[in-house]
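Single-letter residue listing:
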Amino acid sequence: MTIGRNMTRRDFIRISSIFLAGAAAMPAIPAGILSGMGSRPAGLADEKIVYSFCEHCFWRCGIAVHVSDGKVTKITGSEHHPLSNGRLCPRGAGGTGLLYDPDRLAYPLVRETRGGKQQYRKATWDEAVTIVAEKLYRIHEQYGPGAIAMLHHGYGVSFFKKMFSEIGVNKIAKPSYDLCCGPARQASVLTYGYPSDTPEGFDIMNSRYMMFFGTHFGENMHNTAVQEISEAIRRGAKIVVFDPRYSTLAGKAEHWLPIKPATDIAMMQALMHVLISENIYDKPFVEQHTVGFGELWDSVREMTPEKASEITDIPAEAIRTVAREYAFHAPAAFVHSGRRTNWYGDALQRIRAIHILNALAGNFKMPGGVVAFQKFPLPQPPAAHEHPAYEKEAYSKYPFFPQDEPSNTIASHEIIQQAIAGDIRALFIYGVNLPETMTLGRQAALDALQKVDFSVAVDVLPAEVTGYVDVVLPECTYLERYDDLDNGRAFRTPFVALRQPAVKPMFDSKPGSEIARMITDKWGLHGVFAPTVEAGLDKKLKLAGSSLEEIKKKGVLVMPATDLYRKSGEPLNLKTPSGKVELASAQLKAGGFDAVPRYTPHPEAPEGYYRMLTGRKPMLTFGRTANNRFLGDLATAKENEVWVNTGVAFSHSLSDGEYVKLKNQAGVVSEFPVKVKVTERIRRDAVYMVHGFGHNSKQLTWAYKKGASHNQLISRTDIDQAMGAVGFQNNFVTFVKEA
Ligand SMILES: Nc1nc2c(c(=O)[nH]1)N[C@H]1C(S)=C(S)[C@@H](COP(=O)(O)OP(=O)(O)OC[C@H]3O[C@@H](n4cnc5c(=O)[nH]c(N)nc54)[C@H](O)[C@@H]3O)O[C@H]1N2
Ligand SMILES: Nc1nc2c(c(=O)[nH]1)N[C@H]1C(S)=C(S)[C@@H](COP(=O)(O)OP(=O)(O)OC[C@H]3O[C@@H](n4cnc5c(=O)[nH]c(N)nc54)[C@H](O)[C@@H]3O)O[C@H]1N2
Ligand code: SF4
Ligand SMILES: [Mo]
C-alpha cells in the first residue's frame, strides 16, 4: 500500500463493485421490514424487548427494541426513560431502516493502488487494524501526538477517546460544538458560570410565555421538548416566534414575527430597551443577583423600538407588545437559547442577549423560567491502567473556547486548517461525514482529506467521507452494540441509561469498543480497557449501587425529580467571576470583546440573490437518516425543496414544483437540481432549504441525487472570534433554470 505525501491525490473511490459482492452475502432482510416501519403486528409470541437508547440524534431517547426470532421488528419509546416517556420522534421509530439498510458497510476496506488505479480492497479486521495502528504509531513517533487529530460525532466515540488519551493525542474536535451548539454553551458559561447542554435548562412545563428565535421545534424534533411544548400549549401557555419563515412552531404561536434575517440582536436590544425604559423588568432580582446593569442600559438606550423596527422590519408596536406581555408573565416566561446557534459569526453575543433577557425577567431558577438540571451522580472508577504523563495542551486559539472538555479541545475548522497546512498528518474520523458537515466548506474538507498522510473513517454507511480515506472501519449500528453509559446529561429527573445490543452485529461489522481495543493491543498497550465491555459497565454501575444486570431490565436508572427552584433572598453563588449573573462580562471585555451584546449589520444579498437559510425536517437527521428507506419513503422526506416567496418566484418566472439549480454569490452551482416550493411562508429576502440532501455517494443508493446539498453552496464562513463557532448564513443564492 502506498499512502503518503508522494501520492498526488486521493481519488474519490466508488466502492460499488465491492459492495455488490457484499450485498450477495447479506442475510435476508426480515420479511415485512422494508415495507414500512412497525408493520409487524405487536405482541408476537416469541417477542422480547431490549431497552436501550436512540442514536438518530444527540437527544438519545430511551427506546424499547422489539426483537422476534433474532430480528428487530419495531422500535417504540421506552416508558421508563424520562426523555421519551413512551414516545419517540419518527426518526427514532425508524431505526430499523438503518439496521437493515442494504447499503451498510459490511467489512473493512483498505485503499490500494493497482495498475495506477486507486481502489478499495476488502480486508480482514486484523489487516485493517494493523495498518491503522502502524500508521498512527509512525506519525506519532515522527511528529508527536499533535500531528494526529480526531473528529467525532455520536455516542460510540468514548472508546476512541480513551484509546487516544493513552498516547497523548488530544487534538479532538466535535463539529457539533463549532457548527452547532457551542455558542449556547459558552454564552451560558459567561453569563451563569456553567455550560448549557441538551435538554436545555428551561422549565417548559411550567412556563406561561415562551419566546423562540429560530429554534424550530416541531421540525427540529427534540422529543422531550416537543412533548413538553405541546403540553404547555394545551395548558394555555403562549408562544412567540421570531423567524423569517412561518415554521411549524410559528403555526402554534400567539405572535409570529417574520424578522429580517441576521438582525436578531437588534430585536433583543430593543426588547431590553422596553423592559428597562418602562421599568417592567425584575428590579429586585437585577439589583441583588446581577452585575453590569448600568453598562447594559447604556448599550440599549439608543435601540428604541422605532430604531429596531427599521433594522428588523418588525413594527415598533409589536416589539412593545411582546416586551410587555413577556414582563407580565415573568418569571414564568423565558427566551429559549436554541440548539444550532452558530448563525452569523456573532452567536455568542446573540445567545448572551437571550440570557440577559432572561435575567431581566428574573426567571433564573424560577418555575417556568431558566433552570439548572442535575446529572445522575455516577462515580468514575479509578483508571484500570496508568496513564502516561502527557502534557495537556489547550489547542484552540479562540480565547473563549471551552477549557474543560477532553472531548473537544479544538474547533473542527482549526483541525481542517492545520491539516491543510501540513501540521496535522493523520485524521481519525468517527461518525462525521466530513465533506457534508461544513467545517470551512466542502472544498476545504476535501483539501484536508487530500493533504494528510493518513486517514481513517469509522462509519456505518458508505457516506461521502468513506470515499476519501485510506481505511474504512465498519462499525455496527447502535442496535447491535454496547456503548458507554449515558450519564453525560442533566435533567429534571437525573438518569443514567444503558445502550445494549438488541441483535448481533450484522456482516463483519464490529462495535467501537472492540475496534479501539484491537488498536491499543496492536500498540502493545494492554489492559487499557476492561476485559469485556460488559465488565467495564458493571464495574461503573456497582460504584453507584446498581449493576449491569439491574439496569438491563429497564435500560435506565432514574432519580426522583430534583429541586429546581431558588428560595427568595438566597444568594446564587454562581461560578462567574462576580458570583452573580453577568449582564456585562468583564471577562469578554478583558479579552477585547464587547462586554454587552451589540447589534452589528451583516452583509446584504446582491441584487437578485436571497439569503440561504436552513433547518430540519421532522423525519430526517442529515447523514444519519439520509439513506433510511423507512423514513425517506414518507412523502415529505423524499427530497429537500427550496422555499421561495411567491413574489420572488414571480420575478424569476419560477413555478411551484419546478426543478432548478441554485447558484451562490461565489458562482458555485448546485450539483443537483432542487424542487421549488412557492410559498407565502417565507420573507422575500430569503430562501430556505433543509440540510442533509444532495448526496453524491452512489453507494448511498437511496439518498444518491435526491435534492440539493445545502453544504455545497456555502462559500463564505464567519468565525466567532471569541469562541470559534462557524457562522454560515451569510451566503446568498439565485436560481439557474434547467435548460
Ligand atoms: N427532525 C430533526 N430534528 C433535528 C435534527 C434533524 O436533522 N431532524 N437535527 C438536530 C440538530 S443537530 C440540531 S443542531 C437542531 C437544530 O434545530 P434548531 O436549534 O431549532 O435550529 P435553528 O437554526 O435555530 O432553527 C432553524 C430555524 O431558524 C430560522 N432562521 C434562520 N435564520 C434566522 C435568523 O436570522 N433569525 C431568526 N430569528 N430565525 C432564523 C429558520 O427559518 C428555521 O426555521 O435540530 C435537531 N433536531
Ligand atoms: N451545510 C450545513 N452543515 C451543517 C449543518 C447545516 O445545517 N448545514 N448542521 C451542523 C450541525 S447542527 C451538526 S450537529 C453537524 C452534524 O454533522 P455530522 O456529525 O457529520 O452529521 P451526520 O451527517 O449525521 O453524519 C454522521 C455520520 O455518522 C455516521 N453514523 C451514523 N451512525 C453511526 C454510528 O453508530 N457509528 C459511527 N461510527 N458512525 C455512524 C453516518 O453514516 C454519517 O456518515 O453538521 C453541521 N453541519
Ligand atoms: S429525538 Fe428522535 S432521533 Fe433524537 S434521540 Fe429522540 S427519538 Fe431518536
Ligand atoms: Mo446540531
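The model shown is predicted, which means the values in this text are computed figures rather than measured ones. Along every chain, residues carry numbers that run from 1 in the direction the sequence is written. Lettering of chains starts at A and numbering of ligands starts at 1, both following the order in which they are written. Residue-level local features of this predicted model are given only where pLDDT is at least 70; pairs of side-chain atoms are given and counted only at 80 or more, and the full residue set underlies all totals for whole chains, interfaces and linings. By convention in this description, side-chain values take in all heavy atoms of the structure and omit both hydrogens and water.

1. Considering the overall build of the chain
Helix and strand assignments follow DSSP, with helices taken as H or I runs no shorter than four residues and strands as E runs no shorter than two, numbered in order from the N terminus. A tally of regular secondary structure across the chain gives 23 helices and 26 strands. Expected size for 739 residues packed as a compact globule is a radius of gyration near 27 Å; at 25 Å, the chain falls within 12% of this value. Along the three orthogonal principal directions, the C-alpha set of the chain runs to about 75 × 70 × 60 Å. Relative accessibility thresholds used throughout: buried, under 20% of the residue-type maximum; exposed, over 50%; partly exposed, between the two (1.4 Å probe, protein chains only). A buried classification covers 62% of the 739 residues belonging to the chain. Counted charges follow a simple rule, with Lys and Arg positive, Asp and Glu negative, and His plus the chain ends left uncounted. Here the site of a charge means atom NZ of a Lys, CZ of an Arg, CG of an Asp or CD of a Glu. Of the charged side chains in the chain, 85 are positive and 78 negative, and the gap between their average positions amounts to 2 Å. We take the radius of gyration over the C-alpha atoms and set the globule estimate at 2.2 Å times the residue count to the 0.38 power.

2. Description of the site of ligand 2
Taken together, 27 residues lie near ligand 2, and His153, Thr437, Asp459, Glu475 and Gly623 sit nearest. Under this definition, polar contacts are N or O atom pairs within 3.5 Å; protein pairs additionally need one hydrogen-donor-capable and one acceptor-capable atom, and for neighbouring residues in sequence, both atoms have to be side-chain atoms. A distance of 3.0 Å is found between an oxygen atom of ligand 2 and a backbone nitrogen or oxygen belonging to Asn433. Contact between ligand 2 and Val458: a nitrogen atom at 3.0 Å from a main-chain N or O atom of the residue. Accessible surface is estimated by sampling points in the Shrake-Rupley manner with a 1.4 Å probe; for residues, cover comes only from the protein chains shown. For ligand 2, the protein covers 98% of the area, taking 920 Å² as the surface of the free molecule. If you list the elements that add at least two residues to the shell around ligand 2, you get helix H6 (175–192), strand S14 (454–459) and helix H21 (622–625). Here the shell around ligand 2 takes three residues from H21, the largest share from any one element. Taken together, the residues of the shell around ligand 2 break down into 12 nonpolar, nine polar and six charged. A molecule or strand has a residue near it when one of that residue's heavy atoms lies within 4 Å. Here the nonpolar group is Ala, Val, Leu, Ile, Met, Phe, Trp, Tyr, Cys and Pro; Asp, Glu, Lys and Arg are the charged ones; every other residue, Gly included, is treated as polar.

3. Notes on the packing of aromatic side chains
Pairs of aromatic rings are described using the distance from one ring centre to the other and the angle between the two planes. Any two rings among Phe, Tyr and Trp, with Trp reduced to its six-membered ring, count as a pair given centres within 6.5 Å; such a pair is stacked if its planes are under 30 degrees apart, edge-to-face if over 60, and tilted if neither. Applying the stated criterion to the full structure yields 19 aromatic pairs. Geometrically, the ring pair formed by Phe202 and Phe334 is tilted, given 4.8 Å between the ring centres and 35° between the ring planes. Remark: Phe334 occurs in strand S12 (residues 333–335) and Phe202 occurs in the loop between H6 and strand S8 (209–213); sequence separation between them is 132 residues. Here Phe202 matches Phe334 in class, with each residue buried. Plain terms: the ring middles of Trp343 and Tyr344 are 6.2 Å apart, the flat faces sit at 80° to each other, and that makes the pair edge-to-face. A residue is classified by how much of its surface remains accessible, and Tyr344, at 5% relative accessible area, is buried. Cluster of aromatic residues (ring-pair linked, three or more members): Phe160, Phe164, Phe428 and Tyr430. A ring has a charge above it when a Lys NZ or an Arg CZ is no more than 6 Å from the ring centre and no more than 35 degrees off the ring normal. The ring of Tyr688 is capped by Arg245, whose NZ or CZ atom sits 3.9 Å from the centre of that ring. Over the aromatic face of Trp343 sits the side chain of Arg350, whose NZ or CZ is 3.8 Å from the ring centroid.

4. Points about the domain arrangement of the chain
Each assigned domain of the chain is listed here: domain 1 (2–19 + 105–173 + 379–484 + 501–554), domain 2 (31–99), domain 3 (179–373 + 565–590) and domain 4 (610–737). By the convention used here, residues are in contact when the closest approach between their heavy atoms is within 4.5 Å. Listed by partner, the interface residues are 15 residues for domain 1 and 21 residues for domain 2. The quantity reported as buried area is the accessible area (1.4 Å probe) lost by two parts once they are put together, taken as the sum for both. Contact between domain 1 and domain 2 buries roughly 1500 Å² in total, counting both sides, with carbon and sulfur atoms accounting for 72%. Any carboxyl oxygen of Asp or Glu within 4 Å of a side-chain nitrogen of Lys or Arg constitutes a salt bridge here. Our enumeration of links across domain 1 and domain 2 arrives at zero salt bridges. Residue composition of the side of domain 1 that touches domain 2, by class: nine nonpolar, two polar and four charged. Those domain boundaries reflect an automatic or database domain assignment.

5. Quick notes on H6
Given a helix with a known number of residues, its expected span is that number minus one, times 1.5 Å. Its 18 residues place the ends of H6 24 Å apart at the C-alpha level, agreeing with the 26 Å of an ideal helix rising 1.5 Å per residue. Bend, in this description, refers to the angle at a residue between axes fitted to the seven residues ending there and the seven starting there. Of all the bends in H6, the greatest, near 85°, is centred on Cys181, and the proline Pro183 appears no more than four residues after it. Just past H6, the residue Gly193 takes up positive phi, approximately 85°.

6. Section: the sheet that holds strand S2 (residues 62–68)
Here, strands pair whenever DSSP counts at least two bridges between them. Spatial ordering of the open sheet is given by S1-S2-S3, a layout of three strands whose pairing is antiparallel. Looking at the sheet topology across the chains shown, the edges are occupied by strand S1 (48–53) and strand S3 (71–77). If you compare each strand with its neighbour and ignore which way they point, the axes differ by 30° on average. The sheet contact formed by S2 and S3 spans six bridges and is antiparallel. The residue bridging Val67 from the neighbouring strand is Val72, located in S3. Under this scheme, a helix contributes an axis fitted over its contacting stretch, all axes are lines through C-alpha atoms, and angles between N-to-C directions fall in the 0 to 180 degree range.

7. A closer look at the site of ligand 3
In the region of ligand 3, the neighbouring residues are Cys54, His56, Cys57, Trp59, Arg60, Cys61, Leu88, Cys89, Arg91, Gly92, Met221 and Asn223. The class makeup of the residues in the shell around ligand 3 is seven nonpolar, three polar and two charged.

8. What about the packing of helix H5 (residues 158–165) against helix H17 (residues 512–522)?
The contact between H5 and H17 brings their axes to 8 Å, and the two run at 15°. When the axis of H5 is compared with that of H17, the two are roughly parallel. Helix-helix and strand crossings are classified by hand; for H5 and H17 the assignment is right-handed. Each of Phe159, Phe160 and Met163 in H5 lies in contact with H17, whose residues at this interface are Gly512, Ser513, Ile515, Ala516, Ile519 and Thr520. Along the lines of polarity and charge, the residues of the contact of H5 with H17 split into six nonpolar, three polar and no charged. Angular relationships are summarised with four words: roughly parallel below 35 degrees, roughly antiparallel beyond 145, roughly perpendicular across 65 to 115, and oblique for the angles in between. Each crossing gets its handedness from the near helix: less than a right angle anticlockwise from the far helix is left-handed, clockwise is right-handed.

9. Some details on the environment of Ala626
Mapped onto the elements, Ala626 comes out in the loop between H21 and helix H22 (629–632). Counting along the chain gives 321 residues from Ala626 to Pro305, while the straight-line C-alpha distance between them is 43 Å. Those residues in contact with Ala626, other than ones at most four positions away along the chain, are Gly692, His695, Trp702 and Ala703.

10. Regarding the environment of Thr96
Tracing the backbone shows Thr96 in helix H3 (residues 96–99). Separated by 164 residues in sequence, Thr96 and Lys260 have C-alpha atoms that sit 41 Å apart.

11. Looking at the sheet that holds strand S10 (residues 255–257)
Taking strand neighbours across the sheet as the criterion, the four strands line up as S10-S9-S8-S12 in an open arrangement whose pairing is parallel. Edge positions in the sheet fall to S10 and S12, since each of these pairs with one other strand and no more. On average, adjacent strands in this sheet sit at an angle of 10° to one another, irrespective of strand direction. Against the sheet, helix H12 (residues 316–329) touches S8, strand S9 (238–242), S10 and S12, its axis set at about 135° to S8.

12. Considering the pattern of salt bridges
A complete count under the given rule lists 43 salt bridges for this structure. Between Asp470 and Arg111 there is a salt bridge whose closest N-O contact spans 3.8 Å. Of this pair, Asp470 sits in the loop between S14 and strand S15 (471–474) while Arg111 sits in strand S4 (residues 109–114), and the two are 359 residues apart along the sequence. Each member of the salt-bridge network shares a partner with another, and the members are Glu55, Glu475, Arg481, Asp483, Arg499 and Arg624.

13. Let's talk about the environment of Ser247
Here Ser247 lies in the loop between S9 and S10. Assessed through its relative accessible area of 1%, Ser247 is described here as buried. Residues Ser247 and Phe217 lie 30 residues apart in sequence; the distance between their C-alpha atoms is 8.6 Å. Leave out the neighbours within four places in its chain, and Ser247 touches His216, Glu219, Val241 and Arg681.

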